[in-house]
Amino acid sequence: MSVSQNLVVMKFGGTSVGSVDGLSKLVEITKQTQKDWKNVVMVASAFAGNTNLLLKIADLAQKGNFLAVETKIDEITVRNEKILLDMVRDASKREKANLRLKPLLGELKLVCQAVSVIKEISPRVSDLIVSFGERMSVIVIETILRDAGVRAEAVEATKLIVTDDVHQNASPLLADTIEKTNRRLGALLEKGGVPVVTGFIAASRSGQLTTLGRGGSDYSAALLGVALKADEVWIWTDVNGVMTADPRLVPEAKTIPQISYQEVSELAYFGAKVLHPKTIRPVIEAGIKLKVLNTFEPDNPGTELTAGASENYNEEPIIKSVTAIRGVQLVTVEGSGMLGVPGQAARFLSAVSKTGATVPFITEASSEQSITFAVPVAYTECVVAALEDLLAEQIEARKIDQVKTTDEVVIVTVVCPNMQHRLGVAGKIFSALGDAEINVLAISHGSCEVSLSLIVGVEAMQPTVQVLHSLTAL
Ligand code: ADP
Ligand code: ASP
Ligand code: MG
């Protein structure tokens, strides 16, 4: 069956569910939303910091340090108990929740014990360990909501979202997901229940637990929205929507009330953590309204995503938003032997992709004698090795110089609405950077005409973002 009318999916991030303050707001927001909406589906992340803590636990287990693992698992236990005690008045409900959490904590300990004996961990086991964050948080949230009179029901997304078996970064299989989600949630919604679904986790067709990648709960919400033909998907976080920059980097950053899907995709892809980049596409294709809202200021209208860019782009600022990705290095291949050889770039990138590295930035010299791209620092060594292997003969024959790398750099991306129709945008950007004496190491113009990416040294990140952010007011 398909539950189609009047359905909103609300996702609460770790930042919203990690504290008594955030959870109290979550209860208020849920009750308020139930007044206006027939069906409310909630997606919840692990409590703030718990996913990192679980990854740390996995690492300690792999190193054989089971004593430290136990201490950290105790920290999680105490945190759950404290939140339940602070937020649930009914002692029997608290006890019931603790009884449901106990076997999960026991399983976590058992898995970690096994890892600490063999001192080896696979992506599949890492997914299993990290999954406990969301699997425990939905039990706590269900209990808090029930204590407040909401008919919540914790649901593990392993029963709803079906993926391939690429652990740590699984891709959904939409038809299976639609079928399972409607079957499992349809009856619950019909009874007036509020499903509280684990974000981030899913399962492969064979039933193995998978995860959608870090920050993936936003994506979970989008997938459930599509599967249930939701009218709207709301991402509740700890800031007033999508902003002109990360407010942690630029305190004077302002909310962008409306932004097109394409513009926000660029921002999300280039490091704006507020929205997981994969969230946007399924939602836009299904014509679902997407909003980013602040749990701690629920009356703030936040950001609404729109299908197209504003028609009145001349009235918009030159730059809509600035974002930065740290932790990348540039890799350059150059040499006269590259000139006019068809398919060179494709060969390089195919070798790079086999290492598993993502390439968020590429630029090629028009003389066709060099190509530079950015890869995550953790991958640089194996990317260089793969390229040297591929190019061994050409390097030997001196047709290609050595593969070169830089120190760690930062990709700063500016989103500029309708850049192709506006004169002087690049001029304004580069004169502002020149005036601030900022050295730009490389440039790439986003192929979708709404963004421009620059590479600067790590020390120049803050001033670059600040200078470019000042253009959001022009
Ligand atoms: P959640 O736990 O709700 O998923 P995240 O930490 O994943 O929250 O994302 C919210 C954070 O994203 C904000 O606290 C903010 O620091 C960061 N952020 C980065 N870029 C932006 C931006 N352009 N607009 C808003 N927030 C941003
Ligand atoms: N808990 C997961 C993470 O921290 C997923 C999410 O919060 O979106 O990456
Ligand atoms: Mg997030």
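Quick note: structure is the one above.
The notes below deal with the structure included here.

Cut-off values and rules
- Residues numbered from 1 in each chain as written.
- Chains lettered and ligands numbered in written order.
- Predicted model: local features only at pLDDT ≥ 70, side-chain atom pairs only at ≥ 80, totals over all residues.
- Heavy atoms only, no water.
- Axes fitted to C-alpha atoms, helices over the stretch in contact; angles between N-to-C directions.
- Helix = DSSP H or I, 4+ residues; strand = E, 2+ residues; numbered from the N terminus.
- Contact = heavy atoms within 4.5 Å.
- Nonpolar A, V, L, I, M, F, W, Y, C, P; charged D, E, K, R; others polar.
- Near = heavy atom within 4 Å.
- Polar contact = N/O pair within 3.5 Å; in protein donor to acceptor, adjacent residues only side chain to side chain.
- Areas by Shrake-Rupley, 256 points an atom, 1.4 Å probe, with all protein chains shown as cover.
- Pairing = 2+ DSSP bridges.
- Expected span 1.5 Å × (residues − 1).
- Buried < 20%, exposed > 50% of the residue type's maximum accessible area, 1.4 Å probe, protein only.
- Arc of directions from axis to C-beta.
- Core = buried A, V, L, I, M, F, W, Y, C linked by side-chain atoms within 4.5 Å.

## Topic: the packing of helix H3 (residues 50–62) against helix H5 (residues 91–118)
And step 1. Packing of H3 against H5 leaves a shortest axis separation of 7 Å and a crossing angle of 35°. Contacts from Leu-54, Ile-57, Ala-61 and Gln-62 in H3 reach Leu-108, Cys-112, Val-115 and Ser-116 in H5.
And step 2. Of the residues that constitute the contact of H3 with H5, the class distribution is six nonpolar, two polar and no charged.

## Regarding the site of ligand 1
And step 1. As a matter of local geometry, ligand 1 sits amid 18 residues, with Thr-15, Thr-237, Asp-238, Met-243 and Asp-246 nearest to it.
And step 2. The contact in question runs from an oxygen atom of ligand 1 to an N or O atom on the backbone of Gly-14, over 3.0 Å.
And step 3. Between ligand 1 and Lys-273, the relevant distance is 3.1 Å, taken from an oxygen atom to a side-chain nitrogen or oxygen of the residue.
And step 4. Relative to its unbound accessible surface of 570 Å², ligand 1 loses 92% to contact with the protein.
And step 5. Counting only elements with at least two residues in the shell around ligand 1, the list comes to helix H1 (14–17) and strand S8 (232–237).
And step 6. Its residues placed into classes, the shell around ligand 1 shows eight nonpolar, five polar and five charged.

## Topic: the site of ligand 2
And step 1. Taken together, Ser-45, Thr-51, Glu-134, Phe-200, Arg-214, Gly-215, Gly-216 and Ser-217 make up the full set of residues adjacent to ligand 2.
And step 2. A distance of 3.2 Å separates an oxygen atom of ligand 2 from a polar side-chain atom of Ser-45.
And step 3. One of the side-chain nitrogen or oxygen atoms of Thr-51 is found 2.8 Å away from a nitrogen atom of ligand 2.
And step 4. Here ligand 2 has 260 Å² of accessible area as a free molecule, and 87% of this is covered by the chains.
And step 5. By residue class, the composition of the shell around ligand 2 is one nonpolar, five polar and two charged.

## Describing the sheet that holds strand S9 (residues 258–260)
And step 1. On the basis of which strands lie adjacent, the open sheet formed by eight strands has the order S3-S5-S2-S1-S8-S10-S11-S9 and mixed pairing. The open sheet has two free edges, formed respectively by strand S3 (152–155) and S9, since each of these has just one partner strand. Between one strand axis and the next, the sheet turns by 25° as a mean value, whatever way the strands run.
And step 2. For strand S10 (residues 289–294) and strand S11 (residues 303–306), the ladder comprises two bridges, and the chain directions are antiparallel. Residue pairing for S11: Val-292 is matched across the bridge by Thr-303.
And step 3. Packed on one face of the sheet, helix H9 (residues 261–269) meets S9, S10 and S11 and runs near 85° to S9.

## A look at helix H4 (residues 66–87)
At 3.6 residues per turn, the α-helix brings residues three or four places apart onto the same side.
And step 1. For H4, spanning 22 residues, the distance from its first C-alpha to its last is 32 Å, which sits close to the expected 32 Å at 1.5 Å a residue.
And step 2. Taken together, the buried positions of H4 are occupied by Phe-66, Ala-68, Val-69, Ile-73, Ile-76, Asn-80, Ile-83, Leu-84 and Met-87. End-on view of H4: buried residues confined to an arc of 165°, all on one side of the axis. Residues Leu-67, Val-78, Lys-82 and Leu-85 are exposed on H4 and point more than 90 degrees away from its buried face.
And step 3. Of the surrounding secondary structure, the elements contacted by the buried residues of H4 are helix H2 (20–36), H3, H5 and helix H6 (123–147).

## Remarks on the nonpolar core
And step 1. Ile-141, Leu-145, Leu-185 and Leu-275 are the most contacted members of the largest nonpolar core, which totals 98 residues.
And step 2. Top element by residues in this core is H6. It accounts for 10 residues.
And step 3. Leaving out residues up to four positions away in the same chain, Ile-141 has contacts with Val-17, Leu-23, Leu-26, Met-42, Ala-44 and Val-196.
And step 4. In this structure, Met-243, Ala-245, Val-425 and Val-465 belong to the second largest nonpolar core, which totals 28 residues.

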